[in-house]
Amino acid sequence: MTVLAIEDVQFTETHVTVTAVVDNMRLLYRATRFDPEEWAPALCTTTIELDPDEPIPLDEDGFAEYLNQLDPQWQLVELD
């Protein structure tokens, strides 16, 4: 999945929780006989463990690329 925009970041001593807009996370249309399924970006969250020996980029583009390389398990944020 590709991170399109970082919305929120919360650090603890050992983890970071990220809320971001991630591409291809929300199913818009199911596949039919004539058309493939279509996916759209969605607001998602994930928590990753911090590695004290690995620096984390602090700029948004660098941090988004860092997350793309980690490929964490993104969870959809339910919007009411």
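Reference entry: report on the structure contained in this document. (Residues numbered from 1 in each chain as written. Predicted model: local features only at pLDDT ≥ 70, side-chain atom pairs only at ≥ 80, totals over all residues. Heavy atoms only, no water.)

## Considerations on the overall build of the protein chain
Across its full length, the protein chain carries 1 helix and 4 strands. Radius of gyration (C-alpha) of the protein chain: 15 Å, far over the 12 Å computed for a compact globule of 80 residues. Counting only C-alpha atoms and orienting by the principal axes, one finds that the protein chain spans roughly 50 × 25 × 20 Å. Expressed as a percentage of the 80 residues in the protein chain, the buried residues total 25%. Sequence separation of at least 24 residues holds for 50% of the intrachain contacts in the protein chain that already meet a minimum separation of 6. Accessible area of the protein chain: about 6000 Å², with a carbon and sulfur share of 49%. (Helix = DSSP H or I, 4+ residues; strand = E, 2+ residues; numbered from the N terminus. Rg over C-alpha atoms; globule rule 2.2 N^0.38 Å. Buried < 20%, exposed > 50% of the residue type's maximum accessible area, 1.4 Å probe, protein only. Contact = heavy atoms within 4.5 Å. Areas by Shrake-Rupley, 256 points an atom, 1.4 Å probe, with all protein chains shown as cover.)

## Points about the side chain of Thr-46
Inspection of the secondary structure puts Thr-46 in strand E3 (residues 38-49). Look at Thr-46 and you get buried, because its relative accessible area is 5%. Engagement of the side chain of Thr-46 in a polar contact is seen with the backbone oxygen of Gln-73, the distance being 3.1 Å. Residue contacts for Thr-46: discarding those within four places in its chain leaves Val-16, Thr-17, Val-18, Pro-72, Gln-73 and Trp-74. (Polar contact = N/O pair within 3.5 Å; in protein donor to acceptor, adjacent residues only side chain to side chain.)

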